[in-house]
Amino acid sequence: MLKKELCCGKCKAKGVRLYRWYSFMFTESDVRCNGCIEPDEFSGMVPCCKDEDGTVWGYMSTPKELVDEFYKLPENNKNEPTWLKYGFDYTIQK
Ligand SMILES: [Zn+2]
């Protein structure tokens, strides 16, 4: 079975790092690339890590392999902030 690829809900970009709202229920249409996140939304978004079964992993519980896979992807927009992972936490690098 083919893995359904997520894309940015706004510009439809694929193969780039995608982010989702931290504290809301996951909806694919709310997924954003870093170029489509409004500046006031950055603090509410976290990396979106989805596995082969379509499970979207929680902020703190994402398996290392999925995190590594996430970081192999490029950011869609190099001029926008990026998320860096330190241990279990993410920080936003502007
Ligand atoms: Zn986008």
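Residues numbered from 1 in each chain as written. Predicted model: local features only at pLDDT ≥ 70, side-chain atom pairs only at ≥ 80, totals over all residues.

A. Broad picture of the confidence of the model for the protein. Of the residues in the protein, 94% reach a pLDDT of 70 or more, and the chain-wide mean stands at 87. When mean pLDDT is compared element by element in the protein, strand 2 (residues 32-33) scores highest at 96, while strand 5 (residues 89-93) scores lowest at 80. (pLDDT = per-residue confidence, 0-100. Helix = DSSP H or I, 4+ residues; strand = E, 2+ residues; numbered from the N terminus.)

B. Summary view of the sheet that holds strand 1 (residues 18-21). If you walk across this open sheet you meet the 3 strands as 2-1-3, and the pairing is antiparallel. The open sheet has two free edges, formed respectively by strand 2 and strand 3 (45-47), since each of these has just one partner strand. (Pairing = 2+ DSSP bridges.)

C. The arrangement of the pairing of strand 1 in detail. Strand direction decides the pairing type here: strand 1 and strand 2, joined by 2 bridges, are antiparallel. Residue pairing across strands places Y19 opposite R32, the latter belonging to strand 2. Summarising the sheet, strand 1 and strand 3 pair through 3 bridges and their orientation is antiparallel. Of the residues in strand 3, the one forming a bridge with R20 is V46.

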